[in-house]
Amino acid sequence: MKIAIMGYGTIGSGVMEVLNTNRDVIAGRVGEPIEVKAVLDLRDFEGDPVQPLVVHDYMDIVNDDEIVMVVETMGGVEPAYTFVRAMLEKGKAVTTSNKALVADRGAELLRIASANGTNFMFEASVGGGIPIIRTLLACLTGDVIEEITGIVNGTTNYMMTKMTREGSDFDAVLKEAQEKGYAEKDPTADVEGYDACRKIAILTSIIAGAQVDYEDIPTEGISAIEPEDILYAKKMNRVIKLLADSKAYGDTYACRVAPFMIAEGHPLYAVNDVFNAVFVKGNMLGESMYYGSGAGSLPTASAVVGDLVRMAKHLDRVIPIEWKEQAITLADEKEQTYAHFVRCEGTDKAAIEAAFSVEEYVDAGIYGETGFVTPKMTEREFDERCARLGEGVFLKRIRLS
Ligand code: HSE
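Bear in mind the structure is a predicted one, so any value in this text is a computation, not a measurement.

Visitor: Can you help me understand the packing of aromatic side chains in this one?
Guide: Each aromatic ring pair is described using two quantities: the centre-to-centre distance and the angle formed by the ring planes. All told, the structure shown has twelve aromatic pairs when counted by the stated rule. Ring centres of tyrosine 58 and phenylalanine 83 lie 4.1 Å apart, and the angle between their planes is 20 degrees; this geometry places the pair in the stacked category. Remark: phenylalanine 83 occurs in helix H4 (residues 80–89) and tyrosine 58 occurs in helix H3 (residues 58–62); sequence separation between them is 25 residues. Each member of the pair tyrosine 58 and phenylalanine 83 is classed as buried.

Visitor: Explain H4 to me, please; I cannot follow it from the model alone.
Guide: Helical geometry note: an α-helix holds 3.6 residues per turn, so side chains three or four residues apart project in the same direction. Within H4, seven of the ten residues are buried, which leaves the element mostly enclosed by the surrounding structure. Buried residues of H4: Ala80, Tyr81, Phe83, Val84, Ala86, Met87 and Leu88, and no others. Two residues or fewer after H4 comes glycine 91, characterised by a positive phi angle close to 85 degrees.

Visitor: Could you clarify how one ought to interpret the pairing of strand E12 (residues 286–293) in this entry?
Guide: Look at any regular strand and the pattern is simple: side chains alternate between the two faces of the sheet. Taken together, the eight bridges between strand E11 (residues 275–282) and E12 define a ladder with antiparallel strand orientation. Paired with glycine 282 across the two strands is glycine 286, which belongs to E12.

Visitor: I would appreciate a short explanation of the sheet that holds E12 in the present structure.
Guide: Taking strand neighbours across the sheet as the criterion, the nine strands line up as E12-E11-E7-E9-E10-E19-E15-E17-E16 in an open arrangement whose pairing is mixed. Edge positions in the open sheet fall to E12 and strand E16 (360–362), since each of these has one partner strand only. Averaged over all neighbouring strand pairs, the angle between strand axes comes to 25 degrees, with direction disregarded. Bridge analysis of strand E9 (residues 238–249) against strand E10 (residues 252–263) gives twelve bridges, and the strand direction is antiparallel. Residue pairing in the sheet places lysine 247 in a bridge with alanine 254 of E10. Running over the sheet, helix H10 (residues 194–208) touches strand E7 (145–151), E9, E10 and E11 and is turned about 135 degrees from E10.

Visitor: What is the right way to read the sheet that holds strand E2 (residues 35–40) from this model?
Guide: Sheet strands pair via backbone hydrogen bonds, and the direction of the pair is either parallel or antiparallel. Judged by pairing direction, the sheet is parallel, and its six strands sit side by side in the order E3-E2-E1-E4-E5-E6 without closing on themselves. With partners counted over all chains shown, the strands left at the sheet margins are strand E3 (54–55) and strand E6 (120–121), one partner each. Pairing of strand E1 (residues 2–6) with strand E4 (residues 67–72) involves five bridges; the strand directions are parallel. Within the sheet, the bridge partner assigned to methionine 6 lies in E4 and is glutamate 72.

Visitor: Sorry if this is basic, but what is going on with the pairing of E1 here?
Guide: Among the five residues that make up E1, four are buried, leaving the element largely enclosed by the rest of the structure. Summarising the sheet, E1 and E2 pair through five bridges and their orientation is parallel. By the bridge assignment, isoleucine 5 is partnered in E2 with valine 39.

Visitor: Looking at this structure, I do not really get helix H12 (residues 297–312). What am I missing?
Guide: Taking 1.5 Å as the rise per residue, H12 with 16 residues should run 22 Å; its terminal C-alpha atoms sit 22 Å apart, in good agreement. Those residues of H12 that fall on the buried side of the exposure criterion are Thr300, Ala301, Ala303, Val304, Val305, Asp307, Leu308, Val309, Met311 and Ala312.

Cut-offs and rules
Residues numbered from 1 in each chain as written. Predicted model: local features only at pLDDT ≥ 70, side-chain atom pairs only at ≥ 80, totals over all residues. Heavy atoms only, no water. Phe/Tyr/Trp six-rings, centres within 6.5 Å; stacked < 30°, edge-to-face > 60°. Helix = DSSP H or I, 4+ residues; strand = E, 2+ residues; numbered from the N terminus. Buried < 20%, exposed > 50% of the residue type's maximum accessible area, 1.4 Å probe, protein only. Pairing = 2+ DSSP bridges. Axes fitted to C-alpha atoms, helices over the stretch in contact; angles between N-to-C directions. Contact = heavy atoms within 4.5 Å. Expected span 1.5 Å × (residues − 1).

Structural data, given as structure tokens:
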């Protein structure tokens, strides 16, 4: 069975390695060997064993009738969208690890795949090697999913772990994550939360069966986290992690991506390094959690190859996935309710208490400022109370989970 790989970077080369290493076992599962016939990339890879397979024009793959499945590991919406669409319109099955593409055009590509009697799969787009998409699409289908809360970005989890445990410097630890093949080509997507935002948009779309636009999800990353914040968190027996959160809210969902201070004992507290975990609460299932390597070449490639095997066994059958293109309206983010940890300039507790009722003060030994925890309140109420603090008093807020 002949396939092509589009994009021979960290993940694309990982797919080749998985197919080579596990060639026999994969052939046994599919019924015949899977052979890479073409690799689309801008580079030539001179002297590399892949060199004879390299093509530079995606139409060479489109027009090759022997190629029945295509892996897209290029990243970014364009030209990936154009290439994937062309493959699907020729009836080729496609699997992608590209969360930007899936979040933006997933529903449309599923429709195009189905109209052409083929499959479009994207297990590797969320959670790296964790099979969370298939779990939601095929296993938890007897439940109403009430909550998904995930650590879905390996880069930032790795960074926060190192910064917390070893006091590592932000830029140095980001460089390490890049060297390990965890980060995006432009790591802004990781550190500013855009990558996690697209992933929670995909997961929420799947449980909603309809498009959730990632632009509608309030998103903050970890770039504003300072060593002082980590000291406060330690004092509270908490850790700071970037969470992507989606909760059923009436007939829609309330979503957010932000750094949270997580209490010891929370299921996501002990998820460290590049690991991802997705906590899922179903109305019948109750609580469950899915854990594994969330980024990096081979774990992500493992998920891609899992899709290849599944698609290979269904070349003549469309596996239906419900994801309507019409976007749903998310709940008003100002109605979301959290307790907040707040840092204020100065030590005037009377001024703080004129604005907020304080649950507890936190003393992390930081000179000239005051840290405290608020009771639970809506984002709207938080903004109103914050405005009552004097000019320049408010320094920082981190939500509690
Ligand atoms: N940059 C992503 C991460 C890769 O760190 O999670 C996996 O999607």
